[in-house]
Amino acid sequence: MAAIAGKGWNYVAGVPETEEQQKLRFQVELEFVQCLGNPNYLNFLAQRGYFKDSTFINYLKYLLYWKEPDYAKYLKYPMCLYFLDLLQYEHFRRELVNAQCSKFIDDQQILLWQHYTRRRSRLLTTPAVNGNVDPNVNNQSSNHSNGHLNSKIS
């Protein structure tokens, strides 16, 4: 992980960061970037005026390095990169103060996840297109009734 973090520089002390400091900074920035995927947290930051602070805006620009594949592979919630991009726009940052706006974004995010999950499960249970039908797929579908498994008593 130290190789990923590279040679950091501690701008406060004016000296290069130690490997331990680089690791800690990597973990803190990883956690913070992933928090940006939560519209309620974005609303919290907006209501407290963080998005009006030019230093904080510059920090958000700095965090764009997480979009690089070497760093993005560590993210569990890739949606946070989309919000990081949107946070580069002043209009989006201004709108996040409104709780209704963040609620709408949250609802849309949940709908996207539900659609993705349903579509993915449908693709995984669809028989092969080339005519080779997996016998387990047919057995699974015969065991389903209204989306629930019928329990067989032996």
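The structure presented is a predicted model; accordingly, all values stated were derived computationally and were not measured. (Residues numbered from 1 in each chain as written. Predicted model: local features only at pLDDT ≥ 70, side-chain atom pairs only at ≥ 80, totals over all residues. Heavy atoms only, no water.)

Draft legend 1. Expanded view of the overall build of the protein chain. Within the protein chain, the secondary structure is distributed over nine helices and four strands. Along the protein chain, from the amino end to the carboxyl end, the secondary structure elements read α-β-β-α-α-α-α-α-α-α-α-β-β. The buried share among the 154 residues of the protein chain stands at 28%. Of the contacts made within the protein chain by residues no fewer than 6 positions apart, 57% connect residues no fewer than 24 positions apart. Carbon and sulfur atoms make up 55% of the accessible area of the protein chain, which amounts to about 11,400 Å² in all. (Helix = DSSP H or I, 4+ residues; strand = E, 2+ residues; numbered from the N terminus. Buried < 20%, exposed > 50% of the residue type's maximum accessible area, 1.4 Å probe, protein only. Contact = heavy atoms within 4.5 Å. Areas by Shrake-Rupley, 256 points an atom, 1.4 Å probe, with all protein chains shown as cover.)

Draft legend 2. Summary view of the environment of Y62. Take Y62: it is sitting in helix α4 (residues 54–62). Take Y62: its relative accessible area is 34%, and that puts it in the partly exposed class. Dropping the residues within four chain positions of it, Y62 is found in contact with R25 and E29.

Draft legend 3. Quick look at the packing of aromatic side chains. Scanning all chains against the criterion turns up 15 aromatic pairs. Ring geometry for F32 against F56: centres 6.1 Å apart, planes inclined by 85°, an arrangement best described as edge-to-face. One end of the pair, F32, is in helix α2 (residues 19–35); the other, F56, is in helix α4, and 24 residues separate them in sequence. (Phe/Tyr/Trp six-rings, centres within 6.5 Å; stacked < 30°, edge-to-face > 60°.)

Draft legend 4. A look at the nonpolar core. Ranked by internal contacts, the top residues of the largest apolar core, which has 27 residues, are L36, F51, L60, L63, W66, L87 and L96. Contributions of two or more residues to this core are made by α2, α3 (39–47), α4, α6 (79–86) and α8 (99–125). No other element matches α6, which puts five residues into this core. Discounting chain neighbours no more than four positions away, the residues touching W66 are F26, E29, L30, V33, Y71, A72, Y74, L75 and L81. (Core = buried A, V, L, I, M, F, W, Y, C linked by side-chain atoms within 4.5 Å.)

Draft legend 5. Representation of α6 within the structure. Of the residues making up α6, those classed as buried are M79, C80, L81, F83 and L84. Structurally, α6 contributes buried residues whose contacts are with α2, α3, α4, α5 (69–72), α7 (90–95) and α8.

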